[in-house]
Amino acid sequence: MSSEHIRNEGIPYSTEYFDHININRSAVERRASSLPARRTVKKEYQAAWLLKAVNCIDLTTLSGDDTAGNVYRLCQKALQPVRQDILQALGFEDLTVGAVCVYHNMISDAKKALGSSSLPIAAVSTGFPAGKIPLEQKLQEIKASVAAGATEIDIVISRELVLNNKWEELYEEVKACREACGEAHMKTILATGEIPTLTKVAKASWVSMMAGSDFIKTSTGKEAVNATLPVSLVMVRAIREFYELTGVKVGYKPAGGIQKAKQALDFLILIKEELGVEWLNNQLFRFGASSLLGDIERQLEHYVTGSYSASYRHAMA
Ligand SMILES: O=C[C@H](O)COP(=O)(O)O
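One structure accompanies this document, and this report is about it. Quantities reported herein were computed from a predicted structural model and do not represent experimental measurements.

### Overview of the pairing of strand E2 (residues 99-102)
Of the two faces of E2, the one carrying Ala99 and Cys101 and the one carrying Val100 and Val102 are both buried. The pairing of strand E1 (residues 57-60) with E2 spans three bridges and is classified as parallel. Considered in E2, the bridge of Asp58 is made with Ala99. Looking at chain direction, E2 and strand E3 (residues 121-124) are connected through three bridges and run parallel. Bridged to Val102 within E3 is Ala123. What joins E2 to E3 is helix H5 (residues 107-114), and the crossover it makes is right-handed.

What follows is the structure, encoded as structure tokens:
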């Protein structure tokens, strides 16, 4: 994220903004299921949309067996996510992903691998993925990642605060994390697969934005249910309402389980329909994905050459 991007400074805590929220799940599901069907992207625009999707990926590796070697390969892929001949055939010169996303321990390897490039490094933090560590430790972890070179911090919220309607405590927790981030942009992961109702998803979105999150993000990729369109619809509508109230644009990051180009297009259509094209850039929209790029590259190759290559040729990410 470039430094000229306007941060969300947050607003004082008040229940008046979210107390009344009551989401009708079936209406949301109906609207979400109508989106991809009604608004298919025309074939001639598909390649451009897919390139846009690539530019919005937080190319992620979050595995226990991450090594300097696979982080190096991830970073090379992040700097040149689409083969040069395919890019040129589509009339593009340079294209990178939005950022790389790694565990704290891998930040220095990512930094080395990215060299002089300004591609942002995002670090997952605050006891990712479960968040079951004391707040003080969470804040130390954030500060350590910023000191190590992460310019984006993906925090997880304490789900029990949502489950027990402890909204003010959630606000204070997220606000403290935001302060610990300093200049680093903060993405707040709600872990929506562990939040039982869409009403609570909407309220958690509001509280996270009120506390100063620069992005709200669905999932860690480790919950049983990750990014879905209905949850996204609820979260982006909260973003829209927060913008109408404050004039501040908060970003959106669906993450987890997004592996196919077609899914990526569905999310882009949702953003265009609900927030408008001004949100369709990597300052305000990211995909959290470890294995989406391969399918997008395959689809782009098909667009250019008319035939598909074997998926192992696009093995990384
Ligand atoms: O934030 C990113 C997610 O952890 C990636 O999840 P994924 O491995 O299902 O793509």
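### A word on the nonpolar core
Within the largest apolar cluster, 93 residues are counted, with the highest numbers of intra-cluster contacts made by Ile57, Val100, Ala110 and Ala264. The element best represented in this core is helix H10 (residues 229-246), accounting for nine residues. With residues near it in sequence (within four places) discarded, Ala110 still touches Val71, Cys75, Val100, Val102 and Ile121.

### Quick look at the environment of Leu51
With respect to the helices and strands, the residue Leu51 is situated in helix H2 (residues 43-55). Measuring from C-alpha to C-alpha, the distance between Leu51 and Leu87 comes to 8.9 Å, with 36 residues separating the pair along the chain. Apart from the residues lying within four places of it in its own chain, the contact partners of Leu51 are Leu90, Phe92 and Leu95.

### Here's the deal with the site of the ligand
The environment of the ligand is formed by Thr60, Leu62, Cys101, Thr220, Gly221, Ala255, Gly256, Gly257, Gly288, Ala289, Ser290 and Ser291. Of the residues assigned to the shell around the ligand, the class counts are four nonpolar, eight polar and no charged.

### Considerations on the sheet that holds strand E8 (residues 287-289)
With parallel pairing, the eight strands of this open sheet are ordered in space as E7-E6-E5-E4-E3-E2-E1-E8. Of all the strands in the sheet, just strand E7 (251-253) and E8 have a single pairing partner and so form its edges. On average, each strand axis in the sheet is inclined to that of its neighbour by 25 degrees, with strand direction left out of account. With three bridges connecting them, E1 and E8 associate as parallel partners. Paired with Leu59 across the two strands is Ala289, which belongs to E8.

### Description of the packing of H10 against helix H11 (residues 261-274)
Contact geometry of H10 with H11 gives a least axis separation of 10 Å together with a crossing angle of 30 degrees. The pairing of H10 with H11 is recorded here as roughly parallel in orientation. Classified by chirality, the crossing of H11 by H10 is right-handed. Counted together, Leu229, Ser232, Leu233, Val236, Arg237 and Arg240 of H10 and Asp266, Phe267, Leu270, Ile271 and Glu274 of H11 form the full contact between these two elements. Of the residues belonging to the contact of H10 with H11, the class tally is six nonpolar, one polar and four charged.

### A short note on H2
Spanning 13 residues, H2 covers 19 Å between terminal C-alpha atoms, matching the ideal 18 Å at 1.5 Å per step. Listed in full, the buried residues belonging to H2 are Ala47, Leu50, Leu51, Ala53 and Val54. Viewed end-on, H2 has its buried residues packed into an arc of 155 degrees, placing them on one side of the element. For H2, exposure combined with an orientation more than 90 degrees from the buried face picks out Glu44 and Tyr45. As for H2, its buried residues are in contact with E1, H11, E8 and helix H12 (293-305).

The rules behind each value
- Residues numbered from 1 in each chain as written.
- Predicted model: local features only at pLDDT ≥ 70, side-chain atom pairs only at ≥ 80, totals over all residues.
- Buried ≥ 20, exposed ≤ 12 C-beta atoms within 10 Å, placed from the backbone.
- Helix = DSSP H or I, 4+ residues; strand = E, 2+ residues; numbered from the N terminus.
- Pairing = 2+ DSSP bridges.
- Right-handed = clockwise from strand over helix to strand, strands pointing away.
- Core = buried A, V, L, I, M, F, W, Y, C linked by C-beta atoms within 7 Å.
- Contact = placed C-beta atoms within 7 Å.
- Near = placed C-beta within 6 Å.
- Nonpolar A, V, L, I, M, F, W, Y, C, P; charged D, E, K, R; others polar.
- Axes fitted to C-alpha atoms, helices over the stretch in contact; angles between N-to-C directions.
- Parallel < 35°, antiparallel > 145°, perpendicular 65-115°, else oblique.
- Left-handed = near helix turned anticlockwise from the far one by under 90°.
- Expected span 1.5 Å × (residues − 1).
- Arc of directions from axis to C-beta.

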